[in-house]
Structure formats: structure tokens, C-alpha cells
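What follows is the residue order along each chain.
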Amino acid sequence: MVIVVFLSRYNALTVTSLFCRCKDKSYRTDLPVASVIICFYNEALSALLRTVHSVLDRTPARLLHEIILVDDDSDFDDLKGELDEYIQKYLTGKIKVIRNTKREGLIRGRMIGAAHATGEVLVFLDSHCEVNVLWLQPLLAAIREDRHTVVCPVIDIISADTLAYSASPVVRGGFNWGLHFRWDLVPLSELEGPEGATAPIKSPTMAGGLFAMNRNYFNELGQYDSGMDIWGGENLEISFRIWMCGGKLFIIPCSRVGHIFRKRRPYGSPEGQDTMTHNSLRLAHVWLDEYKEQYFSLRPDLRTRSYGNISERVELRKKLDCKSFKWYLDNIYPEMQVSGPNAKPQQPIFINRGPKRPKVLQRGRLYHLQTNKCLAAQGRPSQKGGLVVLKACDYGDPDQIWIYNEEHELILNNLLCLDMSETRSSDPPRLMKCHGSGGSQQWTFGRNNRLYQVSVGQCLSVVDPLSPRGSVAMAICDGSSPQQWRLED
Ligand code: UD2
Ligand code: MN
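Residues numbered from 1 in each chain as written. Chains lettered and ligands numbered in written order. Predicted model: local features only at pLDDT ≥ 70, side-chain atom pairs only at ≥ 80, totals over all residues. Heavy atoms only, no water.

A. Broad picture of the overall build of the protein. Of the regular secondary structure elements, the protein holds eleven helices and 24 strands. Taking the principal axes of the C-alpha coordinates as reference, the protein spans close to 70 × 50 × 50 Å. Relative to all contacts within the protein whose residues are 6 or more apart in sequence, the contacts with residues 24 or more apart total 72%. When the accessible surface of the protein is split by element, carbon and sulfur atoms take 51% of a total near 20,800 Å². Averaging the coordinates of the 59 positive side-chain charges in the protein and doing the same for the 55 negative ones gives two points 4 Å apart. (Helix = DSSP H or I, 4+ residues; strand = E, 2+ residues; numbered from the N terminus. Contact = heavy atoms within 4.5 Å. Areas by Shrake-Rupley, 256 points an atom, 1.4 Å probe, with all protein chains shown as cover. Lys, Arg positive; Asp, Glu negative; His and termini not counted. Charge placed at Lys NZ, Arg CZ, Asp CG, Glu CD.)

B. A look at the nonpolar core. Counting 58 residues, the largest nonpolar core has Phe-175, Phe-211, Phe-240, Trp-287, Phe-325, Tyr-328 and Leu-329 as its most contacted members. Residues within four places of Leu-329 in sequence aside, it is in contact with Phe-175, Trp-177, Tyr-291, Pro-334, Met-336 and Val-338. One finds Leu-64, Val-131, Leu-210 and Tyr-452 within the second-largest nonpolar core, a separate group that totals 45 residues. (Core = buried A, V, L, I, M, F, W, Y, C linked by side-chain atoms within 4.5 Å. Buried < 20%, exposed > 50% of the residue type's maximum accessible area, 1.4 Å probe, protein only.)

C. Main features of the state of the cysteines. Under the defined criterion, the tally for this structure stands at five disulfides. The disulfide partner of Cys-417 is Cys-434, and the S-S distance across this bridge is 2.2 Å. On the S-S bond that ties Cys-417 to Cys-434, the torsion sits near 100°, and the link is right-handed. In this pair, Cys-417 is assigned in strand β18 (residues 416-419) and Cys-434 in the loop between β19 (430-432) and β20 (443-446), connecting sequence segments 17 residues apart. Judged by relative accessible area, Cys-417 falls into the buried class, the value being 0%. Here the cysteine-cysteine linkages of the protein are recorded as 1-3, 2-4, 5-6, 7-8, 9-10, numbering only bonded cysteines and doing so in sequence order. The structure places no disulfide on Cys-39, whose sulfur is separated from the nearest cysteine sulfur, that of Cys-129, by 12 Å. (Disulfide = S-S within 2.5 Å.)

D. Structural detail: the coordination of the manganese ion (ligand 2). The protein atoms that coordinate the manganese ion (ligand 2) are Asp-126 (OD), His-128 (NE2) and His-259 (NE2), at distances of 2.2 Å. When the donor residues of the manganese ion (ligand 2) are listed from N- to C-terminus, their spacing reads D-x1-H-x130-H. Taken together, the residues span a long stretch of sequence, with Asp-126 in the loop between β4 (121-125) and β5 (129-131) and His-259 in strand β12 (residues 248-260) at a distance of 133 residues. Note on His-259: relative accessible area 10%, which makes it buried. (Donors = N, O, S within 2.8 Å, 3.2 Å for Na, K, Ca; no water.)

E. Just the side chain of Arg-313, in detail. Positionally, Arg-313 belongs in helix α10 (residues 311-319). Given the relative accessible area of 10%, Arg-313 is considered buried. At 2.9 Å, the side chain of Arg-313 forms a polar contact with the backbone oxygen of Gly-222. (Polar contact = N/O pair within 3.5 Å; in protein donor to acceptor, adjacent residues only side chain to side chain.)

F. Layout of helix α7 (residues 234-244). Of all eleven residues in α7, eleven are buried; the element is thus mostly enclosed. Remark: Gly-246 follows α7 within two positions and exhibits a positive phi of approximately 100°.

G. Structural view of the pairing of β18. Taken together, the two bridges between strand β17 (residues 410-412) and β18 define a ladder with antiparallel strand orientation. Residue pairing in the sheet places Leu-412 in a bridge with Leu-416 of β18. A loop of three residues connects β17 with β18, the two strands running antiparallel in sequence, and Asn-413 in this loop sits at a positive phi of about 55°. Relative to β19, β18 runs antiparallel, the two sharing three bridges. From the neighbouring strand, Cys-417 faces β19, where its bridge partner is Met-432. (Pairing = 2+ DSSP bridges.)

H. Inspection of the sheet that holds strand β21 (residues 450-453) at higher detail. Spatial strand order, β20-β21-β22-β23: four strands in an open sheet with antiparallel pairing. Each edge of the open sheet is held by one strand with a lone partner, namely β20 and β23 (472-475). Between one strand and the next, the sheet's axes are offset by a mean angle of 40°, whatever the strand orientation. The pairing of β20 with β21 spans four bridges and is classified as antiparallel. Its bridge partner being in β21, Thr-444 is matched across the sheet by Tyr-452. (Axes fitted to C-alpha atoms, helices over the stretch in contact; angles between N-to-C directions.)

I. Geometry of the environment of Asn-100. Along the chain, Asn-100 falls in the loop between β3 (95-99) and α4 (105-116). For Asn-100, a relative accessible area of 8% corresponds to the buried category. Along the backbone, Asn-100 and Ser-74 are 26 residues apart, and their C-alpha atoms lie at a distance of 8.8 Å. Setting aside chain neighbours within four positions, we find Asn-100 in contact with Val-70, Asp-71, Asp-72, Asp-73, Gly-109 and Ile-112. Within the local environment of Asn-100, its side chain forms a polar contact with the side chain of Asp-72, the two groups lying 3.0 Å apart.

J. Quick peek at the site of ligand 1. Neighbouring residues of ligand 1: 23 residues in total, closest Asp-72, Ser-127, Gly-232, Glu-234 and Tyr-267. Within the backbone of Tyr-41, a nitrogen or oxygen atom sits 3.1 Å from an oxygen atom of ligand 1. For ligand 1, the protein covers 92% of the area, taking 740 Å² as the surface of the free molecule. Of all the elements in the fold, those that place two or more residues in the shell around ligand 1 are β1 (34-40) and α4. No other element matches the three residues that α4 contributes to the shell around ligand 1. Classifying every residue of the shell around ligand 1 by side-chain character gives nine nonpolar, seven polar and seven charged. (Near = heavy atom within 4 Å. Nonpolar A, V, L, I, M, F, W, Y, C, P; charged D, E, K, R; others polar.)

K. Here's a closer look at the packing of aromatic side chains. With the rule as written, the count across this model stands at 18 aromatic pairs. With a centroid separation of 4.9 Å and an interplanar angle of 35°, the aromatic rings of Phe-124 and Phe-211 are classed as tilted. Separated by 87 residues along the polypeptide, Phe-124 in strand β4 and Phe-211 in strand β11 (residues 211-214) bring together distant segments of the chain. Accessibility expressed as a relative area gives 0% for Phe-124, which makes it buried. (Phe/Tyr/Trp six-rings, centres within 6.5 Å; stacked < 30°, edge-to-face > 60°.)

L. Broad picture of the pairing of strand β24 (residues 485-488). Burial along β24 is one-sided: the residues Trp-485 and Leu-487 are buried and none of Arg-486 and Glu-488 is. Examined bridge by bridge, strand β13 (residues 360-368) and β24 share four bridges and lie antiparallel to one another. Bridge pairing links Tyr-367 to Arg-486 in β24.

Right, here's the structure in full:
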């Protein structure tokens, strides 16, 4: 497998040292055994089999206790008889198939899978993954050391178009007040220990699909909220619960698993409900304390929305004697910005870092290679919320000058930051006041001239290179011409 690296100088350094060192690591032989749980709903049989085969091929047999496939009442014919026959004919006796008689969603689906598991460690995977070499040992080793540690591999990218595997930058999990998961750059302080870039990275949240956890600990910690439906929110809920109730959550840079990032989810919920909102409301009411106001101020329509009975989860929080959400923010995610009465003191321009401006790394035009055009404000560069578009490059025009600084911000005309909306990730990027808290305003330049937006994990792309409108949008990184940029002096 070829591992490709597309990163800024900052990350490239980290990853180079990481690949040298991960290969040199060795793992003890007495690791706990794992039950791998894969829920699927209307998955392409080929993608599901790619996942299963990669696990069988790249996991030492002694560590693989079983693979549990949970069919969430799929409609596709080939996921029934044909799958069963394939397993019987070609795969080892370690695979169990459980068939839900009605659609449960991935959250209850995983709980059903876990209830059938007997391995010491549970490993959850989506049904469109490819695990990489030596993926499991580093996860099991961390859990063996501390059973209250929950661990995630680095999620590499499998292209939905070509199914090709490529490495992803090492980032960690965060979230925004719309209660959407986001990626954040890893603070340098996390990488400075003796193990350097191969050490586990403390992560405020997990993406959700790919993680390993001691099975008894999963049960003690309350599994999942069974009142959550179909898709969404369970990843933040379990992340908050882990940290607030005495556990730890890490990303293990030496474990890598590829995942097909699809352009859109190929399924809905049975009655068209917005399950992400329903599930987020439940977690807000159970875990967020006074900070749920941050969510409601973005979504005032939800203040009075019903969310079912949460008494069992509230009870669980008491029983586990969990800490407050304020503790979580102060200790686990101090980078998170809070507005309103709970706000930290704010500075005029760069809220998070006082009056000191971050060091400028580069200054110049943001040149689009394919069209020979430059990225500029659609209207005035000082207009907050304004869009950016391609325009003919004008080398004398200060309105086309971008600054790229050590905080990975892109600032146009020394005024506003290029910002990717975190509440509606289908929106194009806009010019916003620089907030200095990373996430939506962090960009890295990488392989194939890509311009990578850290929090959404996508690349800046020109929508239609032939159109005079010059519109841009975020898209899954594929190294294609519309995604190639250069910051030129
Ligand atoms: C991400 C997670 C996903 C989950 C989700 C939030 C990664 C890589 N993926 O979304 O695991 O945490 O965020 O809820 O971190 N499925 C069912 N029944 C359903 C719907 C889905 O079994 O009703 C299966 C589906 O076939 C897949 C898995 O659940 O194997 C996750 O669904 P997804 O791939 O659509 O979620 P994704 O990757 O967009
Ligand atoms: Mn997925």
C-alpha cells in the first residue's frame, strides 16, 4: 500500500517522523482479543466484503475473536442469501451475521452487535472501510494499559469515485455549537512528548464510526442512548460521557483505517425524521448543562422541541458521578469558544490570543492553476459574510492579497478570515471576522496543490472551471484540477 502525504509543512514534518517511527514500534503478544462489530444498512456488498476481508487479512488470527455483522433490515437482495453463501463458502468460522427484523439505526444496531459479542474488546467499524496493516495492535495495546481508555484509529480517505486509498492528515476531534463534529489540528504541545508524533493524541471527541473500547467498560459506561435513532449525535454523546465520567479518549496515530467518505448519505430515516436533531437535543439536555444555551441560541426553533424521555440517561450521569460540562470545556477542550454570559474575555480582532497577532508565514495571491485566476472577494473584501470567487488576477490590487499565518488562517487584505460554515457544511466558504480558535478558519496547503479545510476535512474546489461566475465550494479531496491552488508572492 502506498501511503501518500498531503500536508502543510507543519503536518508534513509530523507525519514524516510518524511513519519512520510507527514501523519501528513493537507490541506485546498478550493483547486482549477483539470482537469487530460492523452494522450495515443497504451497503454495497463489495464495500462490505472489502471491509471484512481487510480485517481477516490484516489482523493476527489470535487477536480476532469474531466479526459480528449486524444487518439493519437492509432491502438489498444480495445482502441476504448471497452474503450468507459467500461467508459459508469463503470466510472463516469467525463471522456471525445478525439480522434486525426492523430498522434500528446504527446506534441501537451497535448495541445489538455488542450484546452478542464475547471478546474482551469491542471494535466498531463502518461497513465501507479498509483496515491498514498493523491497525489493531496499537489500539489493543492502549486499552490493555488502561481499560478506561477508548481509542480511535486515524481515519484515512477512500475516494467514493475511484475507491483509491490515501492517507489523511493527523487531526483530532472537536465540535461546534451546532453540535456538529469537526476536525481540529493537533496542538503542537500534544506532539512534543518523548514519543513525538507516534504518541496517543488526546481527542475531545471522536468522529463516531471507528473505535475500540473494553467491552465491560462499554457496558459500565452505559453503551449508547437507546432513545437515539438511525444516525447522528451518538459520537458526541459518547465522547462527552467518556471524558466527563472518568475515561479517556485518544487517537492512535499508528493505527490507520480507510473509510469511504461519501458525498451524501445514501439513505434517509424511515419516516423522513431529522434524527441528527432529535439525537443532538437528547444529548444537549443530558450533558450540556447551562451550555445547552449555546446550541439553542443557534437553533432557537429547538427550544421547545420534544426529545422523548431522557430520565434513564440523566440517572446514568448521576450514577456514574460524572463531572460538569464546564469541567469538560475547561480541561479537555479549552480551545472551544463560548459566547454570552459564560464567555471568556474577548479581544477586538483575534479573540483567542489577545492583541498579539500570529506570525505571517506567507503573503500573496491565491492562484488557481487550472483557470489562471485568483481568489478574491465577490463584493467588498471588508464585507463580513461575503463570498469568495475567482477573478482575473490583478497584481497591483491589494484586495487580492492573502496572508497565511502560523495559525493556518487565510486573511484577505489584512481584514477578514476565510471561514467554512460549521453549521451548514454544504455552504461555500465566506469571509468572516478572524476568531483565532482554529476549526472553521484553519487551512493547510498540501500534496497536489490542495487547499485543505481542517474542520470539514475537505478541499477548496472550483465548482465549474468553465463558468465565468468563478464560484468555489468545499469538496472531498481528490487531487483533481479544480482543487489545485498556489499561494504566490
Ligand atoms: C459518521 C460515522 C458513523 C456515525 C455517524 C454519526 C465515521 C467514519 N463515521 O458518519 O459511524 O458515527 O457519523 O451517527 O466516523 N447504518 C445502519 N443503520 C442505519 C444507518 C446506518 O446500520 O439506519 C450503518 C451504515 O451502513 C454504516 C454505519 O452505520 O456502516 C455508519 O453510517 P454512515 O457511514 O452513513 O455514517 P457516516 O460515515 O456518514
Ligand atoms: Mn461511514
